[in-house]
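Results of the structural survey
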Amino acid sequence: IKGLGRDELGDSLRFQDNPSLQSIQGLSGVRGNLPGAVKIEGNTRLVSLGGLQNITAIGGNYGGISLQVSGNPSLVSIDALSAVCNKLPGSFVFTFNPKVSCLQGLDCIKGLGRDELGDSLRFQDNPSLQSIQGLSGVRGNLPGAVKIEGNTRLVSLGGLQNITAIGGNYGGISLQVSGNPSLVSIDALSAVCNKLPGSFVFTFNPKVSCLQGLDCIKGLGRD
């Protein structure tokens, strides 16, 4: 198989709830641009995304998602996505992947859109995630919200340092940082320099001593 189109949901590639799937290496012939979203969810034994290493661009689906990696308890690496080198038209959702420690492989992604919830970037409940530095290629304005919740070992927000503006979601939130017990600093957000259209929610981050990095935010909306 050389390439893929997209389906009525706007997805090009969807792996969901395959409890014995250990490898997707058989897709290594798929090359170039995928017009739709990539969704990898609930694959209990999947260890890596090897097989996707020749994909150079990802589109989005009609729910506004471009890339979703969720609920893969054996996954340890997403570095097979390192050839993806476009601005994603939708959101990036990374949730419930307990063994992934870093986002190496996403360095060439240039920007993000937002999904039907209004989020651009959502990290939730990734207990081994220590670094999001792999997102350092994402630059400029994010039209949706940024939500970083329940990442037990995440120490900093390094990787978000090139984001200059944040929008909001349909729940009225622009920026949420909650339940990250190892987080010590949010100063990677220092380039964000707009009036946030929604609220800023900062809860249950016991090691953060100051909010250095938010100095350029001009105002807030409400949720």
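Above this note sits the structure.
First, a word on what this report is: a plain description of the structure on this page. (Residues numbered from 1 in each chain as written. Predicted model: local features only at pLDDT ≥ 70, side-chain atom pairs only at ≥ 80, totals over all residues. Heavy atoms only, no water.)

1. Some thoughts on the overall build of the chain
In terms of regular secondary structure, the chain is built from zero helices and 12 strands. What you see in the chain, going N to C, is helices and strands ordered as β-β-β-β-β-β-β-β-β-β-β-β. Taking 223 residues into account, the globule formula puts the C-alpha radius of gyration at 17 Å, and the chain, at 17 Å, falls close to it. Reported as C-alpha extents along the three principal axes, the dimensions of the chain are approximately 50 × 30 × 25 Å. (Helix = DSSP H or I, 4+ residues; strand = E, 2+ residues; numbered from the N terminus. Rg over C-alpha atoms; globule rule 2.2 N^0.38 Å.)

2. Some words on the state of the cysteines
On inspection of all chains with the given rule, the structure shows two disulfides. Across the disulfide from C85 sits C108; the S-S distance is 1.7 Å. Here C108 lies in the loop between β6 (91-95) and β7 (119-124) and C85 lies in the loop between β5 (65-70) and β6, a separation of 23 residues in the sequence. A sulfur-sulfur separation of 1.6 Å characterises the disulfide bridge that pairs C193 with C216. Of the two residues, C193 sits in the loop between β11 (173-178) and β12 (199-203) while C216 sits in the segment after β12, which places them 23 residues apart along the sequence. (Disulfide = S-S within 2.5 Å.)

3. Things to note about the pattern of salt bridges
Opposite charge on two side chains allows them to pair when their charged atoms are near. Enumeration according to the criterion identifies six salt bridges in this entry. Close ionic contact of K39 with E41 constitutes a salt bridge, the shortest N to O distance being 3.8 Å. On the basis of relative accessibility, which here comes to 16%, the residue E41 falls in the buried class. Between E149 and K147 there is a salt bridge; the shortest N-O distance is 3.9 Å. Among the residues examined, E149 registers a relative accessible area of 17% and is labelled buried. (Salt bridge = Lys/Arg side-chain N within 4 Å of Asp/Glu carboxyl O. Buried < 20%, exposed > 50% of the residue type's maximum accessible area, 1.4 Å probe, protein only.)

4. Regarding the pairing of strand β9 (residues 145-149)
The element β9 is extensively covered by neighbouring structure, given that five of its five residues are classed as buried. Of the two faces of β9, the one carrying A145, K147 and E149 and the one carrying V146 and I148 are both buried. For β7 and β9, the ladder comprises five bridges, and the chain directions are parallel. In the strand pairing of β9, Q124 is matched with E149. Bridging between β9 and β11 involves four bridges; their strand directions are parallel. Paired with V146 across the two strands is L175, which belongs to β11. (Pairing = 2+ DSSP bridges.)

5. Details of the packing of aromatic side chains
Summed over all chains, the structure comprises four aromatic pairs. Taken together, a centroid distance of 5.8 Å and an interplanar angle of 90° make the contact between F92 and F123 edge-to-face. A residue pair is termed long-range when its members are at least 10 positions apart, and F92 in strand β6 and F123 in strand β7 qualify at 31 residues. We note that F92, like F123, is buried. What links up through ring pairs into an aromatic cluster is the set F92, F94 and F123. (Phe/Tyr/Trp six-rings, centres within 6.5 Å; stacked < 30°, edge-to-face > 60°.)

6. Let's talk about the sheet that holds β9
Ordered in space as β1-β3-β5-β6-β7-β9-β11-β12, the eight strands form an open sheet in which the pairing is parallel. For this open sheet the edge positions go to β1 (11-16) and β12, each flanked by a neighbour on one side alone. Looking at each pair of strands side by side, their axes are set apart by 5° on average, direction ignored. Where strand β3 (residues 37-41) lies against β5, four bridges are found, and the strand directions are parallel. Of the residues in β5, the one forming a bridge with E41 is S70. (Axes fitted to C-alpha atoms, helices over the stretch in contact; angles between N-to-C directions.)

7. Concerning the side chain of S185
Structurally, the position occupied by S185 is in the loop between β11 and β12. A polar side-chain atom of S185 sits 2.9 Å from a polar atom in the side chain of D187. With residues up to four places along the chain from it excluded, the contact list for S185 reads V155, S156, L157 and V208. (Polar contact = N/O pair within 3.5 Å; in protein donor to acceptor, adjacent residues only side chain to side chain. Contact = heavy atoms within 4.5 Å.)

8. Some words on the nonpolar core
Core analysis: the largest hydrophobic core is formed by 52 residues, its most contacted members being L49, F92, L103, F123 and L157. For F92, the residues in contact, after removing those within four places along its chain, are L67, L103, L106, L112, S120, L121, R122, F123 and L135. (Core = buried A, V, L, I, M, F, W, Y, C linked by side-chain atoms within 4.5 Å.)

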